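# What the coordinates show
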Protein chains: 2
Amino acid sequence: MPEQRPHGSVWFRADERPARPRLSRERIVTAAIELLDAEGVEGFSMRRLAARLHAGTMSLYSYVATKEDVLDLALDAVMDEIELDGEDAPPKHWRADLTGQLVQSRRVMQRHTWITALIGTRPLLGPTSLARSERFYAALERAGLSGPELVAAVSTLFSYVHGYVAAENVWRSRVGTREDELDLRRRAQRHVVAHADRYPALARNAGLDRVGPGPDGGADLGGAGLGDADPGDADFGDAAFGDGFARGLDLILDGIEAALGRGTVRGAP
Amino acid sequence: MPEQRPHGSVWFRADERPARPRLSRERIVTAAIELLDAEGVEGFSMRRLAARLHAGTMSLYSYVATKEDVLDLALDAVMDEIELDGEDAPPKHWRADLTGQLVQSRRVMQRHTWITALIGTRPLLGPTSLARSERFYAALERAGLSGPELVAAVSTLFSYVHGYVAAENVWRSRVGTREDELDLRRRAQRHVVAHADRYPALARNAGLDRVGPGPDGGADLGGAGLGDADPGDADFGDAAFGDGFARGLDLILDGIEAALGRGTVRGAP
DNA sequence: ACGGATTTCCGTACAGTGCACGAAAGGCGG
DNA sequence: CCGCCTTTCGTGCACTGTACGGAAATCCGT
């Protein structure tokens, strides 16, 4: 029914016809993040997004060229939930600074699990992402790195965090309530233990920590050991706790520190 | 036209009616990998897959419950392209062994760029993936690690490789010919340099290596410096070359080695 | 040799997608 | 009051995953 009356012919119309640009890029992106949080990346569609904004689907396309664009924008926008505890604090030691930044990153990626899925799909070139990287490079330069060593260090740390959280999120990527996640992990663990003949080492170490798979995906199975505190707001701002994330991070930072002492980051032989 | 004649009523039919199960899980998975290689994960559809097999779309569903299943199977199947240069070679030093495995993993993930996208989406519990992980755990146990340290080390290495290659692949994830990839990288680099006021450290180090973004995606921009040899078959089986991957890997391995010498992997303070 | 029963295929249908096109409806200047 | 411009959005198209049910080919018991 394509509008058979001028606009609906109600008797008391009140103050409708709100006028100008109801929509905006910002409103769209905000709604997109909400939708992604609620429905995950595979539940995200332009129609649903429009519905959430009480707008027609095609209205969005005046502000955004494609769905991909929306995802790019949402991804960049969500990045500035990473608080950089800016000017008040005095310049921390580089190690504490880096740790803080990475722990924050993890927290955000846990809060919005779709991030890890999207990152694996597109380069991050938005202003917020670039600013975050800038800050990271700066910190490592202050630490004394430069040139290829610098680049390698940044790359390593970033890759680690991304890979680690991706592995964490994988378990709850489905619509999963937390129940489902634990279920899946337990089920996986039991599966490996049941085939302990085929995977002895795996079975031996199953359930020791909240591991994460990896390059080939990996096999961990994290037995919810000490689980990860609620991604929401748990306080692990200091990092260096019992969970595998902090351990691995320290491992890498040790490597960097050692290289620093040596004056170079162990170039290729 | 739903078959108006028994089967087509040709006079010379030869020996058609080939008989039993034309299709099979294996055939489907093989074709799926080919299709993924050719069209990427977003160009993958059940209809296209069926066409490639000269079968009706719905025929696939006798062998597989959902599209997701096909992706799970393809992902696991492609994992055994990781050659483990098995029994002939004598047991290498753990470090060389690990490096070899990870370099192989990277190569496979480069050959099939869709892997990195899929990994970020599902846990890997297939037999091949588990076998790979098993081997990895075993190697690190031989090195002398155990308990949470073991788990942390595995997790770190896996996360690193996954994150690193994901960052690499991101640039060519689009239908991208290699031309497109270089183009995109160069464009990104120029963009950062053009805003050197906003991103000084970034601009200073742009184009130094074939970096990789990270947790938040990162910002690198790899100026194709020494690019990465053709993912196809270039020989960098020894690793430890000039590229960032080997550098970062060595960094982590240094950390592990140091921890080994110390007797523990630096537990939480 | 023949008539089910079983197994394999697959055409059709349906609800959903991203987006091209062009029409409508509101605000504005004259 | 008239055009004009901006913003909104209905409709349509090509495509997706997959539920359903029917057709064909094979096997098996007699």
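Starting from 1, residues in each chain are numbered consecutively following that chain's sequence as written. Naming scheme: in the order in which they are written, chains are lettered from A and ligands are numbered from 1. Where totals are concerned, whole chains, interfaces and linings use all residues; where local detail is concerned, this predicted model gives features only for residues with pLDDT of at least 70, and gives and counts side-chain atom pairs only at 80 or more. To obtain the side-chain values, all non-hydrogen atoms of the structure were used and water was disregarded.

With that settled, consider the overall build of chain A. Secondary structure summary: chain A contains 10 helices and 0 strands in total. For chain A, the proportion of its 269 residues judged to be buried stands at 51%. It only takes one pair of heavy atoms within 4.5 Å for two residues to be counted as in contact. When contacts within chain A are restricted to residue pairs at least 6 apart in sequence, long-range pairs at least 24 apart make up 68% of them. With residues, only the protein chains shown are counted as cover, and all accessible areas are computed by Shrake-Rupley using a 1.4 Å probe. Surface accessibility of chain A: about 12500 Å² in total, with carbon and sulfur atoms responsible for 54%. For helices the rule is a DSSP run of H or I covering at least 4 residues; for strands it is a run of E covering at least 2, with both sets numbered from the N terminus onward. The buried label goes to any residue with under 20% of its type's maximum accessible area, the exposed label to any with over 50%, and the partly exposed label to all in between, with areas taken from a 1.4 Å probe on protein chains only.

Residues and elements named next belong to chain B. For this document, the term salt bridge refers to a Lys or Arg side-chain nitrogen within 4 Å of an Asp or Glu carboxyl oxygen. Throughout the structure, instances matching the rule amount to 23 salt bridges over all chains. Between aspartate 254 and arginine 95 there is a salt bridge, with its nearest N and O atoms 3.0 Å apart. Of this pair, aspartate 254 sits in helix H10 (residues 244–262) while arginine 95 sits in helix H4 (residues 94–111), placing them 159 residues apart in sequence. Among the residues examined, aspartate 254 registers a relative accessible area of 14% and is labelled buried. Here arginine 95 makes a salt bridge to glutamate 257, at a shortest N to O gap of 2.4 Å.

Residues and elements named next belong to chain A. For leucine 60, the location among the structural elements is in the loop between helix H2 (46–52) and helix H3 (67–78). Here the alpha-carbon distance between leucine 60 and valine 70, two residues 10 residues apart in the chain, equals 9.6 Å. Apart from the residues lying within four places of it in its own chain, the contact partners of leucine 60 are Leu23, Ile28, Met46, Leu49, Ala50 and Leu53.

As a further point, take the packing of helix H1 (residues 25–39) of chain B against helix H3 (residues 67–78) of chain B. All names here are of chain B. Taken N-terminus to C-terminus, the directions of H1 and H3 make an angle of 85°; their axes are 9 Å apart at the nearest point. As summarised for this structure, H1 and H3 are arranged roughly perpendicular, according to the angle between their axes. Facing Arg25, Val29, Ala32, Ile33 and Leu36 of H1, the residues of H3 in contact are Val70, Leu71, Leu73, Ala74, Ala77 and Val78. Ten residues, namely Ala, Val, Leu, Ile, Met, Phe, Trp, Tyr, Cys and Pro, are considered nonpolar, four, namely Asp, Glu, Lys and Arg, are considered charged, and the remaining ones, Gly among them, are considered polar. Partitioned by chemical class, the residues of the contact of H1 with H3 number 10 nonpolar, no polar and 1 charged. Comment: axis = line fitted to C-alpha atoms, over the contacting stretch for helices; angle = value between 0 and 180 degrees taken between N-to-C directions. For classification, angles of less than 35 degrees are called roughly parallel, those exceeding 145 degrees roughly antiparallel, those between 65 and 115 degrees roughly perpendicular, and all remaining angles oblique.

Right, let's talk about the packing of aromatic side chains for a bit. Aromatic pairing here means that ring centres of Phe, Tyr or Trp (its six-membered ring) are within 6.5 Å. Orientation follows from the plane angle: under 30 degrees is stacked, over 60 is edge-to-face, and everything else is tilted. Summed over all chains, the structure comprises 8 aromatic pairs over all chains. On the basis of an interplanar angle of 15° and a centroid distance of 5.7 Å, the ring pair of tyrosine 160 of chain B and phenylalanine 245 of chain B is categorised as stacked. Here phenylalanine 245 of chain B lies in helix H10 and tyrosine 160 of chain B lies in helix H7 (residues 147–170), a separation of 85 residues in the sequence. Of the residues examined, tyrosine 160 of chain B reaches a relative accessible area of 0% and is grouped as buried. In this structure phenylalanine 245 of chain B comes out as buried when scored by relative accessible area, which is 2%. Among the aromatic residues, ring-to-ring pairing joins Tyr160, Tyr164 and Phe245 of chain A into one connected group.

Purely geometric numbers; function is a separate question.
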